[in-house]
Amino acid sequence: MPDETTQNRLTFLLGGARSGKSLHAERLITALPAPWTYIATAQAFDDEMRERVAHHRDRRAQGWQTLNAPLDLAGTLRALPAGAPVLLDCLTLWLTNVMLADHDVEAAVTELCGVLARPTGRWYAVSNEVGLSIVPENALARRFRDEQGRLNQKIAALADEVLFMVAGLPMKVK
Ligand SMILES: Nc1nc2c(ncn2[C@@H]2O[C@H](COP(=O)(O)OP(=O)(O)OP(=O)(O)O)[C@@H](O)[C@H]2O)c(=O)[nH]1
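Throughout what follows, the structure given in this document is the object of discussion.

Basis of the calculations
Residues numbered from 1 in each chain as written. Predicted model: local features only at pLDDT ≥ 70, side-chain atom pairs only at ≥ 80, totals over all residues. Heavy atoms only, no water. Near = heavy atom within 4 Å. Polar contact = N/O pair within 3.5 Å; in protein donor to acceptor, adjacent residues only side chain to side chain. Areas by Shrake-Rupley, 256 points an atom, 1.4 Å probe, with all protein chains shown as cover. Salt bridge = Lys/Arg side-chain N within 4 Å of Asp/Glu carboxyl O. Helix = DSSP H or I, 4+ residues; strand = E, 2+ residues; numbered from the N terminus. Buried < 20%, exposed > 50% of the residue type's maximum accessible area, 1.4 Å probe, protein only.

1. A few points about the site of the ligand
Turning to step 1, where the next piece is worked out: With respect to spatial proximity, 21 residues lie near the ligand, and among them Lys21, Arg52, His56, Arg57 and Asp89 are the closest.
Turning to step 2, where the next piece is worked out: Here an oxygen atom of the ligand and a backbone polar atom of serine 19 are 3.1 Å apart.
Turning to step 3, where the next piece is worked out: In this structure, asparagine 68 approaches the ligand through a side-chain N or O atom, which is 3.3 Å from a nitrogen atom.
Turning to step 4, where the next piece is worked out: Notes on the ligand: free accessible area 680 Å², of which the protein chains cover 91%.

Here you go:
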């Protein structure tokens with residue numbers, strides 16, 4: 001009989017930069033039996049990003065397999081074997097990649113939500129809460145903030161559980 005930790009469920013982890021989202025998601029998923037799948041959306045274009053990615057890779061010990069999905073997140077999720085525990089990190093960089101590639105954001109979000117609404121294993125998805133500061137001065141940043149807010153609302157609505165990370169601590173908001 002599957003329980004809450006193993007059945008097909010989506011947990012959505014939201015928070016600010018360096019709020020501890022990834023680490024908390026890693027702790028939750030590694031409480032389940034390995035192997036764990038890490039889906040990375042980041043593209044390391046510069047040394048700072050390469051360092052961040054290296055730090056993450058060092059932290060993930062044995063038991064992890066990493067898939068890169070900077071754009072085709074829905075396709076990558078659909079191709080996973082049923083039952084795989086998955087950590088998707090993160091929706092913010094995925095949305096950035098979609099916008100910078102000039103793809104149709106609405107179509108991409110609709111496709112992704114269709115997949116996330118029916119998890120085929122224990123899935124954890126990480127995203128940034130980006131709207132808590134002052135209104136950004138440039139138009140692209142304002143559009144990004146709005147698209148990110150809309151995306152987060154959609155994922156939160158379909159997720160089974162939502163955690164808001166504050167200074168490394170999870171607040172259960174759904
Ligand atoms: N390409 C790639 N990206 C990775 C890999 N491991 C982690 N990342 C990316 O690293 C990013 C997270 O970077 P951080 O700067 O630590 O995140 P943060 O949101 O500021 O911090 P936290 O809230 O503490 O998680 C995620 O978007 C991942 O996609 C990897 O193996 N390959």
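2. Topic: the pattern of salt bridges
Turning to step 1, where the next piece is worked out: With the rule as written, the count across this model stands at nine salt bridges.
Turning to step 2, where the next piece is worked out: Put simply, arginine 59 and glutamate 26 hold a salt bridge, and the shortest N to O gap is 2.8 Å. Of the two residues, arginine 59 sits in helix 2 (residues 47–59) while glutamate 26 sits in helix 1 (residues 21–30), which places them 33 residues apart along the sequence.
Turning to step 3, where the next piece is worked out: For arginine 59, a relative accessible area of 31% gives the class partly exposed.
Turning to step 4, where the next piece is worked out: Look at glutamate 26 and you get buried, because its relative accessible area is 7%.
Turning to step 5, where the next piece is worked out: Of the charged contacts, one joins aspartate 47 and arginine 50 as a salt bridge, the two residues approaching to 2.9 Å between their closest N and O atoms. Placement of both aspartate 47 and arginine 50 in helix 2 is noted, with a separation of three residues, approximately one turn of the helix.
Turning to step 6, where the next piece is worked out: A relative accessible area of 55% places aspartate 47 in the exposed class.
Turning to step 7, where the next piece is worked out: Overlapping salt bridges bring together Arg122, Glu161 and Lys172 as one network.

Geometric values such as these leave the question of function open.
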